Amino acid sequence: MQRNFTQLYLHCVWGTWDRLPLVTPDIQNIIYNAIAHQCQELGCTLIAIGGIENHVHLLTNFLPTLTISELIGKAKGSSSHLITHEIKPDSFFKWQGGYGAFTVSHQNINQVANYIRNQAQHHSQKTLISDWET
């Protein structure tokens, strides 16, 4: 091969501080858009984003030069900074320190993306995939 070829997909999950219901309906899309923008800035393509009031799931491709901790750290940091400094500076908002990260095969992208997009339904119906709910 004359050039590198990679096809890397990552499913990330992280929660709010102490699993508090901080991702409220009034800021949910703002948070998701901030995360999507950060992914784009890092050269990643957002495939799916979703969650409920106490956690977020993200499915994206990523470059081999980008570490998983850098991707998640910047996604969490940019969204948290936006909420705490611009959107709701007088309210408490914080992500937990940890995260879950899972590689996804190309064949399973649609299954994982649908799971992420339907988080509210999965949680209300208790049809969760426990390994993906860190």
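Here the structure is a predicted model, which means the values were calculated and not measured.

About the criteria used
- Residues numbered from 1 in each chain as written.
- Predicted model: local features only at pLDDT ≥ 70, side-chain atom pairs only at ≥ 80, totals over all residues.
- Heavy atoms only, no water.
- Core = buried A, V, L, I, M, F, W, Y, C linked by side-chain atoms within 4.5 Å.
- Buried < 20%, exposed > 50% of the residue type's maximum accessible area, 1.4 Å probe, protein only.
- Helix = DSSP H or I, 4+ residues; strand = E, 2+ residues; numbered from the N terminus.
- Contact = heavy atoms within 4.5 Å.
- Pairing = 2+ DSSP bridges.
- Axes fitted to C-alpha atoms, helices over the stretch in contact; angles between N-to-C directions.
- Parallel < 35°, antiparallel > 145°, perpendicular 65-115°, else oblique.
- Left-handed = near helix turned anticlockwise from the far one by under 90°.
- Nonpolar A, V, L, I, M, F, W, Y, C, P; charged D, E, K, R; others polar.
- Patch = residues over 30% accessible without salt bridge, like charges linked within 9 Å, V, L, I, M, F, W, Y side chains within 5 Å.
- Areas by Shrake-Rupley, 256 points an atom, 1.4 Å probe, with all protein chains shown as cover.
- Salt bridge = Lys/Arg side-chain N within 4 Å of Asp/Glu carboxyl O.

Engineer: It is not clear to me how the nonpolar core should be interpreted in this structure. Could you clarify?
Structural biologist: Soluble, globular proteins show a tendency: their nonpolar side chains are buried together. In terms of nonpolar packing, the biggest core is built from 23 residues, with Trp14, Ile31, Ile35, Leu71 and Phe93 touching the most fellow members. The set of elements that each furnish at least two residues to this core consists of strand E1 (9-15), helix H1 (25-41), strand E3 (55-61) and helix H2 (68-87). For this core, the element with the most residues is H1, which contributes five residues. In terms of nonpolar packing, the next biggest core, distinct from the first, is built from eight residues, Ala48, Val104, Ile109 and Ile116 among them.

Engineer: I tried to follow the environment of proline 64 on my own but got confused; where do I start?
Structural biologist: Mapped onto the elements of the fold, proline 64 is located in the loop between E3 and H2. Measuring from C-alpha to C-alpha, the distance between proline 64 and phenylalanine 5 comes to 9.8 Å, with 59 residues separating the pair along the chain. Ignoring sequence-local partners within four residues, the contact set of proline 64 consists of Thr6 and Leu8.

Engineer: Help me understand the sheet that holds E3 in this model?
Structural biologist: The strands making up a sheet associate through backbone hydrogen bonding, with each pair oriented either parallel or antiparallel. One open sheet holds the four strands; their spatial order is E2-E3-E1-E4, and the pairing between them is antiparallel. Two strands bound the open sheet, and with one partner strand each, they are strand E2 (46-52) and strand E4 (100-103). Here the strands of the sheet are splayed against their neighbours by 15° on average, with no regard to which way each runs. Pairing geometry for E1 and E4, over four bridges, is antiparallel. When the bridges of E4 are listed, histidine 11 appears paired with phenylalanine 102. Packed onto the sheet, H1 meets E1, E2 and E3 and runs at close to 150° relative to E2. Strands in contact with helix H3 (residues 109-117) are E1, E2 and E3; relative to E2, the strand with the most contacts, it is inclined by about 35°.

Engineer: Where do I start with the packing of H1 against H2 in this structure?
Structural biologist: Helix-helix packing is described using two parameters, namely the angle between the two axes and the distance between the axes. For the pair H1 and H2, interaxial distance at closest approach is 9 Å and the crossing angle is 135°. On the basis of the axis angle, H1 is oblique to H2. Considering how the two elements wind past one another, H1 and H2 form a crossing that is right-handed. Mapping the contact onto sequence places Ile27, Ile30, Ile31, Ala34, Ile35, Gln38 and Cys39 in H1 and Leu71, Lys74, Ala75, Ser78, Ser79, Leu82, Ile83 and Ile87 in H2. Along the lines of polarity and charge, the residues of the contact of H1 with H2 split into 11 nonpolar, three polar and one charged.

Engineer: Even after reading the chapter, I still don't get a nonpolar patch on the surface, so can you show me in this structure?
Structural biologist: A cluster of nonpolar side chains, Trp17, Leu20 and Phe92, forms an exposed patch at the surface whose accessible area comes to about 280 Å². Within the secondary structure, phenylalanine 92 is located in the loop between H2 and E4. Judged by relative accessible area, which is 48%, phenylalanine 92 ranks as partly exposed.

Engineer: What should I look at first to understand unusual backbone geometry in this one?
Structural biologist: Only a minority of non-glycine residues have a phi that is not negative, and only a minority of peptide bonds are not trans. Notably, aspartate 18 is not glycine yet its phi reads approximately 55°, a positive angle. Checked against the element boundaries, aspartate 18 lands in the loop between E1 and H1. With a phi close to 55°, arginine 19 is a non-glycine residue in the positive phi region.

Engineer: Teacher, can you tell me more about the pattern of salt bridges here?
Structural biologist: Pairing of side chains with opposite charge becomes possible as their charged atoms draw close. Scanning all chains against the criterion turns up two salt bridges. A salt bridge links aspartate 26 to lysine 88; the shortest N-O distance between them is 3.0 Å. With aspartate 26 in helix H1 and lysine 88 in the loop between H2 and E4, the pair connects residues that are 62 residues apart, well separated along the chain. For aspartate 26, a relative accessible area of 48% translates into the label partly exposed. Ionic pairing is found between lysine 74 and glutamate 70, a salt bridge with its closest N-O pair at 3.7 Å. With a gap of four residues between them, lysine 74 and glutamate 70 both fall in helix H2, about one helical turn apart. Taking the relative accessible area as the measure of exposure, lysine 74 reaches 38% and is therefore partly exposed. Take glutamate 70: its relative accessible area is 30%, and that puts it in the partly exposed class.

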